[in-house]
Amino acid sequence: MANPIHQFAIEPKIPFALGNIDLSFTNSALWMVIGAVLSITFLSMAAKQKSLVPGRMQIAGEMLYEVVAGMVRNNIGIKGRQYFPFIFTLFIFILMGNVLGLIPYSFTYTSHLAVTGMLALIVFFMVFFFGIFYHGLKFFSLFVPSGAPLWLMPFIIPLELISFFVRPLTLSIRLFANMMAGHIILKVVAGFAVAAASIGAGGALLGIFPVVINIALLVFECLVAVVQAYVFAILSCVYLKDTVDLHH
Amino acid sequence: MRELSADIPKKIFHSLFCVALVFITSATLALAGDQTAETAAHHGDTDGLPQLDFSSYPSQIFWLIVTFTVLYTFFARKTLPEISGVLESRRDHIQNDLDTAEKLREEAEDAHRAYDEALEKARSEASNMFIESDNKIKEETTKKLQVFYERSSVEIKAAEEKIENAKSEAFEEMSTIAAEIASQAAEKIIGISTDINQAKTVIKSLHKNNKKAA
């Protein structure tokens, strides 16, 4: 029986290094490229038609656009338009990673802390950078909630600071842990079926149950894949809102 | 507070974003590189969680940034403006159609109002005309009736006079005849001659008495 952890192993396809830093083209990178190519192809085809009455492809692309645009508009506001391409890319990139990862023998790059952590850090630094760019030092008033009594400040300010700096951690771990746990469960349940089948004819019959459970789990994982991409994008919106509206 | 989105033009924003990405990447890569060297030095095994194997971090982060930047550039420069253009043109088209429909509806309403007004006007005119002609007819009728009454009353009076005359004449004659018959009857029955004028007076008085009795 295969180790359920083994599916997350990074295997170099094309070794490549820059100085002493290993930048090999791995299975992770391969699926990132596949996801990027697929999404670009799909969206280009969707955007190519430009007809007044959209076809299937076009309406799917436009729906995707409207969903993310609505997310940005509702969570950041009209000033969030500048972040729209970023949120859209983020959503598509994570969605591709999650969904493509459900294909057997593929690799789920969003199940790696390096990837989710990097994405979360990008969001974090964007908030920091644009917050200071737009508001200057006033940005740090984010940690001082307006309306709270003065004597509460020594408690509230550290809390706000912690909640601010813990954001990239929660954001990245939520996604990576969800993806990893889902894939481990799928693999373990599938392992039960294989183990049962290896006993004999009776075992093979018994092995039907894990297969049925795995089908249900796979459907559930499809849902999780979309929901987690959505959650990541929407939380990024919420965080980026601080850069346009300090107090809300 | 400064006006926010107006500060950075879109193109500069995208370039800035990419530069920031590259900067963060290189910083992270450098850090990760140090980390890699350290982990490799301490323990070369790969038995633990692959997610915590820091030696794979530089490559993952590098390819993440590469694909993400390509995706971002492509979406921000090409796909999203195209889709938003299509959506906008559709919205404009629909709005245009709605506006046209609204204009046409207003025109139809105006026409309807004008029609209603004309109808109302015609109706009031017709009723005026009716009242007028009715009044005229009534007036004429009363005038003609008046004339007729006057004439007929004159004629009736004349006729009455004539009748009265005829009546009195007839009465005169009848009383004469009656007197003659009475005198002749007296002559034949009793054999006395009578004065006809006296008979006449008698009859007249009789007639007078009759009238009184009546």
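Residues numbered from 1 in each chain as written. Chains lettered and ligands numbered in written order. Predicted model: local features only at pLDDT ≥ 70, side-chain atom pairs only at ≥ 80, totals over all residues. Heavy atoms only, no water.

The secondary structure content of chain A amounts to eight helices and four strands. Along chain A, helices (α) and strands (β) appear in the sequence β-β-β-β-α-α-α-α-α-α-α-α when read from the amino end. Oriented by its inertia axes, the alpha-carbon framework of chain A measures out at about 75 × 55 × 45 Å. A burial count over chain A gives 48% of its 248 residues as buried. Considering only contacts within chain A whose residues lie at least 6 apart along the sequence, 66% involve residues at least 24 apart. Accessible area of chain A: about 11,900 Å², with a carbon and sulfur share of 76%. (Helix = DSSP H or I, 4+ residues; strand = E, 2+ residues; numbered from the N terminus. Buried < 20%, exposed > 50% of the residue type's maximum accessible area, 1.4 Å probe, protein only. Contact = heavy atoms within 4.5 Å. Areas by Shrake-Rupley, 256 points an atom, 1.4 Å probe, with all protein chains shown as cover.)

Before going further, it helps to spend a moment on the interface of chain A and chain B. Facing 59 residues of chain A, the contacting portion of chain B comprises 48 residues. Between chain A and chain B, a total of about 5,100 Å² is buried, with carbon and sulfur atoms accounting for 78% of that surface. Of all residues in chain A, A:L52, A:M118 and A:Y134 bury the most surface against chain B, accounting for 12% of the area lost on that side. Applying the counting criterion to the chain A and chain B interface returns one salt bridge. In this structure, A:E62 and B:R90 form a salt bridge, with 2.9 Å as the shortest nitrogen-oxygen distance. Our enumeration of links across chain A and chain B arrives at seven residue pairs in polar contact (both at pLDDT 80 or more). The set of elements that each furnish at least two residues to the side of chain A that touches chain B consists of β3 (21–22), β4 (25–26), α1 (27–49), α2 (56–75), α3 (84–100), α4 (113–135) and α6 (167–199) of chain A. (Buried area = accessible area lost by both parts, 1.4 Å probe. Salt bridge = Lys/Arg side-chain N within 4 Å of Asp/Glu carboxyl O. Polar contact = N/O pair within 3.5 Å; in protein donor to acceptor, adjacent residues only side chain to side chain.)

All names here are of chain A. Per the counting criterion, the structure on display carries 29 aromatic pairs over all chains. With centroids separated by 6.1 Å and ring planes inclined at 65°, the aromatic side chains of F139 and F140 adopt a geometry described as edge-to-face. For F139, a relative accessible area of 0% gives the class buried. Within the aromatic cluster, the residues linked to one another by ring pairs are F124, F125, F128, F139, F140, F143, F164 and F165. (Phe/Tyr/Trp six-rings, centres within 6.5 Å; stacked < 30°, edge-to-face > 60°.)

Let us look at the packing of α4(A) against α6(A). Residues and elements named next belong to chain A. Their axes nearest at 8 Å, the elements α4 and α6 cross at an angle of 145°. At the point where α4 passes α6, the crossing takes the right-handed sense. Contacts from L113, T116, G117, A120, L121, V123, F124 and V127 in α4 reach R167, P168, L171, S172, I173, L175 and F176 in α6. (Axes fitted to C-alpha atoms, helices over the stretch in contact; angles between N-to-C directions. Left-handed = near helix turned anticlockwise from the far one by under 90°.)

For the rest of this paragraph, the subject is the environment of A:P210. Structurally, A:P210 can be placed in helix α8 (residues 208–244). In sequence terms A:P210 and A:A193 are 17 residues apart; their C-alpha atoms lie 5.5 Å from each other.

A cluster of nonpolar residues, A:I162, A:V166, A:L169 and A:I173, forms a patch on the protein surface that exposes about 340 Å² of accessible area. Along the polypeptide, A:I162 turns up in helix α5 (residues 153–165). (Patch = residues over 30% accessible without salt bridge, like charges linked within 9 Å, V, L, I, M, F, W, Y side chains within 5 Å.)

This next bit is on α3(A). For α3(A), with 17 residues, the first-to-last C-alpha span of 24 Å sits near the 24 Å given by 1.5 Å per residue. Burial runs high along α3(A): 15 of the 17 residues are buried. (Expected span 1.5 Å × (residues − 1).)

Scope: geometric values only; no functional claims are made or implied.
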